[in-house]
Each structure stands twice: as C-alpha cells, then as structure tokens.
Amino acid sequence: MEKSFVKQVVFEGVSTITFYNPPHNALPSHLLKKLEEEIVIAGNNDAVQVVILESGGDRTFCAGASFNELINIETEAEGLLFFSGFAKVINAMRNCPKFIVCPVQGKTVGGGVGIASAADYCLATQFASIKLSELSIGIGPFVIEPAVSRKIGGTAMAEMTINAEQFYDPQWAKQKGLYADVFESKATLHEAVNNLVKKLKTYHPEAMQAMKSVMWKDTAHWDDLLIERAKISGRLVLSPFTKRVLQKYKTT
C-alpha cells in the first residue's frame, strides 16, 4: 500500500513541496500541519527563490478534507482544530515571502480549490476541474472563501458554492482567473512550470518579495478571519444533518 507524505526538495534555488495521500489526495490534520510547516521552512530559507507546491498522482490534485476524519469529530474544539489546518496552510502560503507556483494536474475539490487559490500563480491540465462540495455535505466553504473570492471574484465563488455538486471545467476556471493557463497533459504542464520557474529565478529576489506583499495587500486580518471561519465549520460538522451525510462517504 502506498504511503502518504509531505516532502520538500530544494534544488538550485527552487523548493518543490509535494503532498500525497492516496487515493485522491484528501488531507487529514497531520498532513495539513506538515504542509504548513514545509511552506514556512521554504519561506525562511535564504537558498530558496521560488516555491513549487504540487501533489502526487495523476488525475486528482486534492480532494479537500479527509471525510474519515470529519466523521470522527465529536466536539467543537476538535472541529476547530481540523478546519484550522486548512486556514493555517492558506495563511502560510499568503505569508510566504517567495512566489508560490502551483501545478494542478487533476480534479480538485473543496479545500484543494482553496490551496490552488492561495497560490501566486496556478497552471493546470485539461483534467483539472474544480468543485466546492461543502454545502452539499452540511457545512460550507467558509475557511477557503476569502482565498477563492480573492482569486475568482465573489459572484463566481457564490455560483460554485450554490451548485455544490457540479464540477466546473478548467477553461471556466481560467476565464475566472484561477488558472493562468491550461495544458493538454501533465508533462506539458510541468514543462511550462519549469520554464516559468527558470525565469523567476533570474529576477531580483527583493523585488519579487515586495511585489508579493503588494499582491496580498489588505489580507493581514486573515490570520484571525480564517480561524473564525474554521469555528463555523467546526460547529456545523457536528450537526446530525452533516453526520448523516458523511456516513455515505465513510470508508474502512
């Protein structure tokens, strides 16, 4: 059986952070914590000029939260702790002084859309459809909403939230601003990422850091905001409605 991991490799000024949790890259608490830690490490590493944040596997970038873990949440404190994991990953990406480039090779759902939205530059394949399914299971995309709305706008965010069982294709995501470009295959996606990163490595590090600060202006309050949003999700996941729906997704 394949094992889950979060790992970081630094080579020639580029930090590549990879997360993987078969079969669909859903993220439990311990992987979210590790992902946050690795992003912070990359941001503090003077040898790193650019960060690539990617997932393992071919056709799923990230399936969002681990439903098995959600089912086992029994208190609001446990719920807050779990959803704070996504909040802390997004804030780590926001606070990282290096540009984060995110290749999305396949479908992404819920929290995965939040991670893609928090990247500074996101590229995708033709298989990288997106969905916000939270409302259909009795919660809502509260934690990731600021990041998603910032990237694609409030109207598109609302549309995805309400149509919670619909996948939106990569061209729609590109049109709305989530993806900078869409490629035919994982190979051509990674070629484009590598070409972009090579260019970024030649730019003035201080200029890129200053530009990132400008790009993320008016978001300093997210440290508190996303935790407040996590409290909402942490409360709703305890409801009988949500517990009943989650049982349908339980796996052994």
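Note that this is a predicted model, so its numbers are computed, not measured. Just so you know, the residues in each chain are numbered from 1, in the order the chain's sequence is written. Per-residue local features of the predicted model are confined to residues with pLDDT of at least 70, and side-chain atom pairs are confined, for both listing and counting, to 80 or more; whole-chain, interface and lining totals are unaffected and use all residues. Here the side-chain values reflect all heavy atoms present in the structure, with hydrogen atoms and water set aside.

Engineer: Looking at this structure, how should I read the pattern of salt bridges?
Structural biologist: Pairing is possible between side chains that carry opposite charge, provided their charged atoms lie close to one another. A pair is scored as a salt bridge if a Lys or Arg side-chain nitrogen falls within 4 Å of a carboxyl oxygen belonging to Asp or Glu. With the rule as written, the count across this model stands at eight salt bridges. With a shortest N-O distance of 2.8 Å, E38 and K34 are connected by a salt bridge. Pair noted here: E38 and K34 are both in helix 1 (residues 29-44), with a separation of four residues, about one helical turn. What makes K34 partly exposed here is its relative accessible area of 32%. A salt bridge links K231 to E228; the nearest nitrogen and oxygen atoms lie 3.2 Å apart. On the criterion of helical spacing, the pair formed by K231 and E228 is a turn pair, its members being three residues apart in helix 10 (residues 222-236). For K231, a relative accessible area of 39% gives the class partly exposed. Where helices and strands are cited, they refer to DSSP runs of H or I of at least four residues and of E of at least two residues respectively, numbered from the N terminus. A 1.4 Å probe rolled over the protein chains alone gives each residue an accessible area, and that area as a share of the maximum for its type sets the label: buried under 20%, exposed over 50%, partly exposed in between.

Engineer: Just checking my understanding: could you explain unusual backbone geometry for this structure?
Structural biologist: For residues besides glycine, phi is generally negative; the peptide bonds are generally trans as well. That bond from P22 to P23 is cis: its omega, 5 degrees, falls within 30 degrees of zero. Even without being a glycine, E12 presents a positive backbone phi close to 50 degrees. Within the fold, E12 resides in the loop between strand 1 (5-11) and strand 2 (14-20). Despite not being glycine, N25 shows a phi value in the positive range, around 60 degrees. Following the sequence through the fold, N25 ends up in the loop between strand 2 and helix 1.

Engineer: When you look at the layout of surface pockets in this model, what are you seeing that I'm missing?
Structural biologist: A water-sized probe rolled over the atoms picks out the places where empty space is left. Points on a 1 Å grid over protein atoms alone make up a cavity when a 1.4 Å probe fits among them but cannot get out, and a pocket when they form an open set with protein on both sides within 12 Å along at least five of seven lines; lining residues each have an atom within 4 Å of a point. Grid points are joined across faces, edges and corners, and a volume is the space filled by probe spheres set on the points. When its volume is computed, the largest pocket comes out at roughly 910 Å³. Considering the residues around the largest pocket, the lining is formed by 42 residues, among which A26, A63, A65, S66 and F67 are closest to the centre. Looking at the lining of the largest pocket, the elements with two or more residues in it are strand 4 (60-62), helix 2 (67-71), helix 3 (76-95) and strand 6 (107-109). Amino acids are sorted into nonpolar (Ala, Val, Leu, Ile, Met, Phe, Trp, Tyr, Cys and Pro), charged (Asp, Glu, Lys and Arg) and polar (every other residue, Gly among them). Along the lines of polarity and charge, the residues of the lining of the largest pocket split into 22 nonpolar, 15 polar and five charged. Reported here for the second largest pocket is a volume of approximately 200 Å³. Contributing to the lining of the second largest pocket are F11, E12, V14, T16, I52, E54, H190, V193, N194, V197, K198 and K201. With five residues, helix 8 (residues 186-200) is the single largest residue contributor to the lining of the second largest pocket.

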